[in-house]
Structure formats: structure tokens, C-alpha cells
Amino acid sequence: MTPRREPPEQPEMPEPEMPETPESSDGAGPQLSAAQVARRLEQGVELLIATLRWAVAKAGGDLTEQEVEERVALFLAYLRRRMSGEVEVDAYGYDADFTQHIYLPVLRVLYKRWFRVQVRGIENIPADGPALIVANHSGTVPVDCLMTQVAVHDTHPQQRLMRLLGADLLFRLPVIGETVRAGGTTLAAPSDAQRLLAAGELVAVWPEGFKGLGKPYADRYRLQRFGRGGFVGTALRTQAPIVPCSIVGAEEIYPKIGDLTPLAHLLDVPYFPITPTFPHLGLLGLIPLPSQWIIEFAPPVETADLGPDAAEDPLLVFELTDRVRETIQSRLHVLLADRGPIFG
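Criteria and thresholds
- Residues numbered from 1 in each chain as written.
- Predicted model: local features only at pLDDT ≥ 70, side-chain atom pairs only at ≥ 80, totals over all residues.
- Heavy atoms only, no water.
- Helix = DSSP H or I, 4+ residues; strand = E, 2+ residues; numbered from the N terminus.
- Contact = heavy atoms within 4.5 Å.
- Areas by Shrake-Rupley, 256 points an atom, 1.4 Å probe, with all protein chains shown as cover.
- Core = buried A, V, L, I, M, F, W, Y, C linked by side-chain atoms within 4.5 Å.
- Buried < 20%, exposed > 50% of the residue type's maximum accessible area, 1.4 Å probe, protein only.
- Expected span 1.5 Å × (residues − 1).
- Polar contact = N/O pair within 3.5 Å; in protein donor to acceptor, adjacent residues only side chain to side chain.

Undergrad: Please provide a residue-by-residue account of the overall build of the protein chain, values included.
TA: When its secondary structure is counted, the protein chain shows 11 helices and 9 strands. Partitioning the contacts of the protein chain with sequence separation of at least 6, the portion at a separation of at least 24 is 73%. Taken as a whole, the protein chain presents about 19,500 Å² of accessible surface, with 59% of it coming from carbon and sulfur.

Undergrad: Residues and numbers for the nonpolar core, please.
TA: Counting residues in hydrophobic clusters, the biggest one holds 38 residues, and the most contacted among them are Ile133, Met147, Trp293, Ile295 and Phe297. The element that contributes the greatest number of residues to this core is helix H4 (residues 143–155), accounting for 7 residues. Ignoring any residue separated from it by four or fewer positions in sequence, one finds Phe297 in contact with Val119, Arg120, Gly121, Ile122, Asn124, Ile125, Ile133, Thr148, Val152, Val243, Pro244 and Cys245. Residues Val134, Leu197, Tyr221 and Ala311 belong to the second largest nonpolar core, which totals 30 residues.

Undergrad: Any chance you could break down the environment of Val117 for me, citing the residues and the numbers?
TA: One can find Val117 in the loop between helix H3 (96–114) and strand E1 (118–120). Setting aside residues up to four positions removed in sequence, Val117 forms contacts with Tyr111, Trp293 and Ile295.

Undergrad: Give a description of helix H11 (residues 314–339) that names residues and reports values.
TA: The end-to-end C-alpha separation of H11 is 37 Å, in line with the 38 Å expected for 26 residues at 1.5 Å each. Those residues of H11 that fall on the buried side of the exposure criterion are Leu316, Val317, Leu320, Thr321, Val324, Ile328, Gln329, Leu332, Leu335 and Arg339. Its buried side turned inward, H11 meets E1, strand E2 (131–135), helix H9 (230–238), strand E6 (242–248) and strand E9 (294–297). The N-cap of H11, judged by a side-chain oxygen 3.1 Å from the amide nitrogen of Leu315 a few residues on, is Asp313.

And the structure:
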């Protein structure tokens, strides 16, 4: 019979020596000296910097030590600006400083590490001046909009920022509404879109709206109706080219297999989805599935030669709307074949 082995004794952790602090004169507890306060602040800053180095190294993966240090320094400079009140936003609430140092870096982790997004046809987006990107919508939650924004910024030679047009529901959500507005999203209203394009901005719209975003998984990659072609009229009035965009990968991140319609009505939302993981797994069910993505930009549909008055021609608007929709749908079939395994 094998004798029972006693576990080795664990060494006792030494008790940390706490510095003596004088009692306050009113008996309210220990009072720190100015030197002790300064030292504790210094230790807090050192801990923050160490944590930032670790987080940036983990998120960056292949970054060199020098690149990690540069990104930490940029972030600390950003914090100093925010604490001093140096915040500038445009008429739509866009905050360039926040977008470059917080918003895009956070989204970039999903873009690179989780979805492994491939981008095609970025050369079809103009180097400058206005353009209207029109894309298919899917995924239950509008992650496709955010990944497309990162794709354009990170792969375009001029790192152009794409201004998103979002539904009013988005801006009613606490925290989320303020965050996406600061990241460049504005209300999906023709007036806002027209002003942005007239100012030479790159604007993106998802004309399927909630019909595309919340469609069942069984209808994946089948485009829904594009409305009345309002985006075409906006492009014609500003003479901005229309760039069709096809997105493969978003359909699988939250496969919608059911809908709790009574709860959706109670919450005043278009749908309350049931997916294979939500709500069964609780908060874990909110983690998107790591599908492989391809985002492709097709050659632009030019509008400059048609003139602004063409926006009042309903037959022309319908024809252009249908052409853009067919381009996106046909490319989706090709991209699905090219992608291969969904999660490979």
C-alpha cells in the first residue's frame, strides 16, 4: 500500500509593512503627508502605465516594444487633453480625438483578431471628395457598419473616415448613442446626408434598415427591399458617386432563429432576437460568433453627368436603385464561394 504523501508546506506570505501615518487633529483617521500623497499618485500612474503596456501588447499582437511604448504615450497624451477639457466636436457630435485614440482602436481588435476581415476593391473609393457607400445589412446587431468603418479607415491610402447614417433608435440608447455619435455616426436623414456629402465627406448607408438587420438566418444573404431609393436622390443632388459594398460574414455572428415579438413591443424595438446562444447563455450569448468576413467595394456608379435635377425623375431613381442592389446581390454570391468555411 502506497503511503499517503503530505502536501508540501506553503511558505507564509510576509505581511506588508504599512507606513505610519499621523492621526488627524479632529480624530477623523490617518492623515497623509504631501509626500505620501505624491508617492501614492506616482504608484497609481506607474500601475496605469504598466496596465496599458500589457493591454496594448495583447491587442497589438505583433507590435514591437517601441510601437507599444509609442501607443501608450499617445493614449496618455489623449487622457491629459481630456482632463484639461480640450474636447472638440463638429456640428454632428463627431469627436476626432476620441475616434482616433479610443473608438477605432477598440473596434480594431474585433476587426483583426476576431473576424479577420479581408477587404477588396478599396481602390474604388475616391481619394478625396464626396462618395456614398451603399451596403447590405445583416447580423441582428449592426456590427457590420462598424467593421466597414474600420475597413475603410485602415486600408484606404488616405485613411478616410466614413460617416455612418444610423436609425433614430440607436441614438436613444444610453451610452451607445453618445459613443457612436462621437465616432462619426449621425441620423439617417436625407438633410444630414446631403450636408455631409456637400462638404466632401465619405458617407455610408444601409438602405435595408431593420428589415435586413433583423431578418431570420434562413434568409441570410438575400437582400431585402431598398426602400424608395432615397439614397440615390441624395447622391444625385450632391453629384456624389455611389459605391456598392457587399459584406459577407455578418450574417453568422448572431444567427437569428426566433423572435420574442411581445417583448419587442414592450421595449419598443423592431425585434427581440433568439439566437443559438441568446438568451439561453445570458451575457455569454452576447459574444458574437467568430465568422470570417470579406468586405468588397465595387466600382462606383457615377452621377455627376446626370445633374442634380435627375433626382426628381422617379424612373431614373428606381433604375439606379435597382442597379446598385443587383450589384451587391451578385457579388455576395461570389464572395460566399470565395470565403469557404464560415469559421475556418
